[in-house]
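This is what each chain is made of:
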Amino acid sequence: MYNITATIICVIQDETFLIRDCSKKSNTEPYVLVVYYGRRVYNIKVRFLEDSQQYALGTGLRGDDKFNSVKDIIDFYKYAPITLIDGKDKTGTQRVQCYLTHPLKLCKRRILP
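Residues numbered from 1 in each chain as written. Predicted model: local features only at pLDDT ≥ 70, side-chain atom pairs only at ≥ 80, totals over all residues. Heavy atoms only, no water.

1. Brief notes about the pairing of strand β5 (residues 54-57)
Of the two faces of β5, the one carrying Gln54 and Ala56 and the one carrying Tyr55 and Leu57 are both buried. Pairing between strand β4 (residues 40-49) and β5: four bridges, direction antiparallel. Of the residues in β5, the one forming a bridge with Leu49 is Gln54. The turn joining β4 and β5, which pair antiparallel and follow one another in sequence, is formed by four residues; a positive phi near 60° is taken by Gln53. (Buried < 20%, exposed > 50% of the residue type's maximum accessible area, 1.4 Å probe, protein only. Helix = DSSP H or I, 4+ residues; strand = E, 2+ residues; numbered from the N terminus. Pairing = 2+ DSSP bridges.)

Quick look at the structure:
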């Protein structure tokens, strides 16, 4: 008999978020903030600013709020709206705002044959 444990997403709703490692695996872009809102997934770079030893979101083209930790970023955007920009929109006009209210919860379930 096999004992398989599967990790599945339990509940996903608007304003659900998680922090994941960046696929580039660089010191300057160590993480990605993933936000689910309006039936869409937004991926936002989390940059590490070596000169100030702080973190910032996005590309830095539209402001550069700095935070001492990734946790500080999450704590800030729980109470202040984060602007989500559609990366496929070349005009940059497709924007929505939301709060980071629901950390993504994963459930482990045993699957038996």
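2. Observations regarding helix α1 (residues 70-77)
Taken residue by residue, α1 has Val70, Ile73, Ile74 and Tyr77 as its buried positions. For α1, the buried positions fall inside an angular range of 95° around the axis, keeping them on one side. (Arc of directions from axis to C-beta.)

3. A few points about the confidence of the model for the protein chain
Counting all residues, the mean pLDDT for the protein chain is 84, and 81% of those residues have values of 70 or more. Looking at the elements of the protein chain, mean pLDDT is at its lowest for strand β1 (residues 4-9), recorded as 48, and at its highest for α1, recorded as 97. Note on residues 1-6: pLDDT is under 50 here. Beyond four places in sequence and across chains, it has 16 contacts. (pLDDT = per-residue confidence, 0-100. Contact = heavy atoms within 4.5 Å.)

4. Some points on the environment of Gln53
Inspection of the secondary structure puts Gln53 in the loop between β4 and β5. Side-chain polar atoms of Gln53 contact the backbone oxygen of Glu50, separated by 2.7 Å. (Polar contact = N/O pair within 3.5 Å; in protein donor to acceptor, adjacent residues only side chain to side chain.)

5. Some remarks on the sheet that holds strand β8 (residues 102-103)
Ordered by their spatial adjacency, five strands build an open sheet running β5-β4-β3-β2-β8, and the pairing between neighbours is mixed. Two strands in the sheet have a free side with no partner beyond their single neighbour: β5 and β8. Sheet analysis places strand β3 (residues 31-37) next to β4, joined by seven bridges and oriented antiparallel. Along β4, the bridge assignment pairs Tyr36 with Val41. Of the strands in this sheet, β2 (16-21), β3, β4 and β5 are in contact with α1, which crosses β5 at around 45°. (Axes fitted to C-alpha atoms, helices over the stretch in contact; angles between N-to-C directions.)

6. Describing the pattern of salt bridges
Within this structure, the stated rule accounts for five salt bridges. With a closest N to O distance of 3.0 Å, Asp86 and Arg40 form a salt bridge. Residue Asp86 is located in the loop between β6 (82-85) and β7 (95-98), and its partner Arg40 is located in strand β4; the two are separated by 46 residues in the primary sequence. Judged by its relative accessible area of 12%, Asp86 falls in the buried class. Here Asp75 and Lys71 are joined by a salt bridge, their closest N and O atoms 2.6 Å apart. Of this pair, Asp75 and Lys71 both sit in helix α1, four residues apart, which is roughly one turn of the helix. (Salt bridge = Lys/Arg side-chain N within 4 Å of Asp/Glu carboxyl O.)

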